[in-house]
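# Structure assessment
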Amino acid sequence: MSKKAWILSIFQPLLQLLLLLLHSASTAPATPFVQSSSGLSSTYFGVAVTLTCNVTQTSSSLMYSWKLNSSTVQTAASSNTYLVDGDEADSGSYVCVVEDGTGSASSSHSSLQYHPSQQHPSSHTAR
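These notes cover the structure that comes with them.

What counts, and where the lines are drawn
- Residues numbered from 1 in each chain as written.
- Predicted model: local features only at pLDDT ≥ 70, side-chain atom pairs only at ≥ 80, totals over all residues.
- Heavy atoms only, no water.
- Helix = DSSP H or I, 4+ residues; strand = E, 2+ residues; numbered from the N terminus.
- Buried < 20%, exposed > 50% of the residue type's maximum accessible area, 1.4 Å probe, protein only.
- Contact = heavy atoms within 4.5 Å.
- Pairing = 2+ DSSP bridges.
- Core = buried A, V, L, I, M, F, W, Y, C linked by side-chain atoms within 4.5 Å.
- Disulfide = S-S within 2.5 Å.

## Concerning the overall build of the chain
- Along the backbone of the chain there are one helix and nine strands.
- Reading the secondary structure of the chain in the N-to-C direction produces α-β-β-β-β-β-β-β-β-β.
- Classification of the 127 residues of the chain by burial places 28% in the buried group.
- Looking at the chain alone, contacts between residues at least 24 apart form 60% of all its contacts between residues at least 6 apart.

## Description of unusual backbone geometry
- Positive phi is not limited to glycine here, since N69 has a value of about 50 degrees.
- With respect to the helices and strands, N69 occurs in the loop between strand 4 (63–68) and strand 5 (71–76).
- Classification of N69 as partly exposed rests on a relative accessible area of 46%.

## Brief notes about the pairing of strand 4
- Judged from the six bridges that link them, strand 4 and strand 7 (residues 92–100) form a sheet pairing that is antiparallel. Bridge pairing in strand 7 places M63 opposite E99.
- Both strand 4 and strand 5 contribute to a ladder of five bridges, which runs antiparallel. By the bridge assignment for strand 5, K67 is matched with T72.

## Some details on the nonpolar core
- Residues Y64, V84 and Y94 are the most contacted members of the largest nonpolar core, which totals 15 residues.
- Elements with a contribution of two residues or more to this core: strand 3 (49–54), strand 4, strand 6 (81–84), strand 7 and strand 9 (110–115).
- Excluding its chain neighbours within four sequence positions, the residues that come into contact with Y64 are C53, V55, Q74, T75, A76, S79, N80, C96, V97 and V98.

## Here we look at the pairing of strand 6
- Burial along strand 6 is one-sided: Y82 and V84 are buried, and none of T81 and L83, which face the opposite way, are.
- Across four bridges, strand 3 lies against strand 6 in antiparallel orientation. When the sheet's bridge partners are listed, L51 is paired in strand 6 with Y82.

## Observations regarding the environment of G46
- Here G46 lies in the loop between strand 2 (42–44) and strand 3.
- Here G46 falls in the exposed class, since its relative accessible area comes to 62%.
- Distance from G46 to P116, taken between C-alpha atoms, is 9.0 Å for residues 70 residues apart in sequence.
- Once residues lying within four places of it in the same chain are set aside, the contact partners of G46 are D85 and G86.

## Brief notes about the state of the cysteines
- In the structure shown here, the tally under the stated rule is one disulfide.
- Here C53 pairs with C96 through a disulfide, and the sulfurs are 2.1 Å apart. Taking the torsion about the sulfur-sulfur bond, which here is approximately -90 degrees, the covalent link between C53 and C96 counts as left-handed. In this pair, C53 sits in strand 3 while C96 sits in strand 7, placing the two residues 43 residues apart along the sequence. Summarising the burial analysis for this pair, C53 and C96 share the class buried.

Following this line, the structure appears as structure tokens:
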């Protein structure tokens with residue numbers, strides 16, 4: 001065996017593994033972000049808010065999970081939205097997790113606070 005053939009026999013499997021890893025990393029879901037239908041991070045009891053998880057990847061096999069204060073509240077393959085009913089128990093930090101066959105990505109935390117109707121909520125955009 002020539003020296004060149006011997007070197008190729010050693011490095012070729014390593015290069016194939018490296019290419020496989022690079023391909024897997026490039027196909028993982030893009031980082032999602034959460035939008036609120038009301039545009040507010042604070043609102044009154046009884047006001048329903050729809051949270052939407054936006055992701056730039058268009059894979060048809062995405063799975064969406066919603067977490068409220070680190071606990072999963074919904075998992076769905078066909079919907080990137082979550083309807084928040086509007087009571088005190090719905091206040092907290094929301095995160096959307098998007099998964100596909102190659103990995104997962106999480107949005108940043110999006111805070112939503114509910115207040116009794118006599119209090120005035122702030123008008124900050126949810127992010």
